[in-house]
Amino acid sequence: MTIRHLEIFSAVCVRGSVTQAAEALNMTQPAVSQAIRELEVFYGVKLFQRMNRRLYITDAGRSLQQYADTILSQLEESVHVLRDAEAGGSCRFGVHVTLGETRLAAILTTLRRQVPEVQIRSCVFNSARTEQMILENRLDFAVTDHVTLSPACLAQHLCTEDLCAVCAPAFPAPECLTLAELVDQPLLLRESGSGTRTSFDAVVQTANLSVEPLLESVSTQALTACAEAGLGIAVLPRSLAAGSLARGSLREIDLEDARFFRQYHLVRHRRKYLTAGMQRVIAVIRAELAGAD
């Protein structure tokens, strides 16, 4: 059994067809079929079932697919790491939406100045998406504000940030509310899967309450705009609401019996090899966020 066997097997899994896999790999169909048979003999299991002219992967095949994806991904990674070692290498990291909107530009500027030898690629998604990308080895690490923490991942605390309830100055709500009173208001919230929403829901559920938001959005700018228009109460990270509060386009509502906050974590795959370049990038990000607590 060779790496080539796994590459062929992975191609068949992705395309669900021996013929299409053969075309993609520039191989003959019999050669692909032979490689699959050799794998089945090697493992002593059936990897695919053919029914009604279609190919279906078996449970054993799915298990092997997970191993094959990991092995092939790590092989590709080793090539990049070793070939790029002399030049400082590359680093792919993700950040959650709030950090992307408030701190990413400063972080990238500092990285360009302090570690110019490392090729940086970054992206902004919600925490659930970035964690999935880590598991798929599409990111080296990420800064997230919500960790479901697959057993394959490691998370280290970076800092904590408060959330605040804000509305337009003329919005008909008192200066102070209880949590039960807040959830009865028209709420403007981030989408499920985001760290902000998860932190909010955790506090609400602990109090045995439920919430039906007026608006859910992946965009904090949309939530801010709707709150400024007087449509409801938004729950936002304080760093994002600070500008609107300072300008007077939003006012903060105090909560008598609750505090909303979220924690930022550095998340990476447990088996991820961190090059010297990646470690320098992480050190810069830690320093940039050190004052956020």
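What you are looking at is a predicted structure, and each value in this text was computed from that prediction instead of being measured.

## Here we look at the overall build of the chain
Here is step 1: The helix and strand inventory of the chain stands at 12 helices and 12 strands.
Here is step 2: A globule of 293 residues ought to have a C-alpha radius of gyration of about 19 Å, yet the chain, at 24 Å, is considerably larger.
Here is step 3: A principal-axis box enclosing the C-alpha atoms of the chain has dimensions of 75 × 50 × 30 Å.
Here is step 4: Looking at the 293 residues of the chain, the share that counts as buried comes to 45%.
Here is step 5: Counting only contacts in the chain whose residues sit at least 6 apart along the sequence, the fraction spanning at least 24 positions is 75%.
Here is step 6: Accessible area of the chain: about 15,200 Å², with a carbon and sulfur share of 51%.
Here is step 7: Within the chain, the 32 negative side-chain charges are centred at a point lying 10 Å from the centre of the 29 positive side-chain charges.

## A short note on the packing of helix α6 (residues 104-114) against helix α12 (residues 276-289)
The packing of two helices is summarised by the inter-axis angle and the distance between the axes.
Here is step 1: Between α6 and α12, the least distance of the axes is 10 Å, while the angle of their chain directions is 135°. Judged by the angle between their axes, α6 and α12 are oblique. Seen from above, α6 lies across α12 with right-handed handedness. When α6 is examined against α12, the residues Ala-106, Ile-107, Thr-110, Leu-111 and Gln-114 are found in contact with a partner set consisting of Val-281, Val-284, Ile-285 and Glu-288.
Here is step 2: When grouped by side-chain class, the residues that make up the contact of α6 with α12 number 6 nonpolar, 2 polar and 1 charged.

## Here's the deal with the side chain of Gln-185
Here is step 1: Counting through the fold element by element, Gln-185 comes out in the loop between α8 (179-183) and β8 (187-190).
Here is step 2: When neighbours within four sequence positions are excluded, Gln-185 is seen to be in contact with Phe-171, Ala-173, Leu-177 and Ile-233.

Conventions we followed
- Residues numbered from 1 in each chain as written.
- Predicted model: local features only at pLDDT ≥ 70, side-chain atom pairs only at ≥ 80, totals over all residues.
- Heavy atoms only, no water.
- Helix = DSSP H or I, 4+ residues; strand = E, 2+ residues; numbered from the N terminus.
- Rg over C-alpha atoms; globule rule 2.2 N^0.38 Å.
- Buried < 20%, exposed > 50% of the residue type's maximum accessible area, 1.4 Å probe, protein only.
- Contact = heavy atoms within 4.5 Å.
- Areas by Shrake-Rupley, 256 points an atom, 1.4 Å probe, with all protein chains shown as cover.
- Lys, Arg positive; Asp, Glu negative; His and termini not counted.
- Charge placed at Lys NZ, Arg CZ, Asp CG, Glu CD.
- Axes fitted to C-alpha atoms, helices over the stretch in contact; angles between N-to-C directions.
- Parallel < 35°, antiparallel > 145°, perpendicular 65-115°, else oblique.
- Left-handed = near helix turned anticlockwise from the far one by under 90°.
- Nonpolar A, V, L, I, M, F, W, Y, C, P; charged D, E, K, R; others polar.

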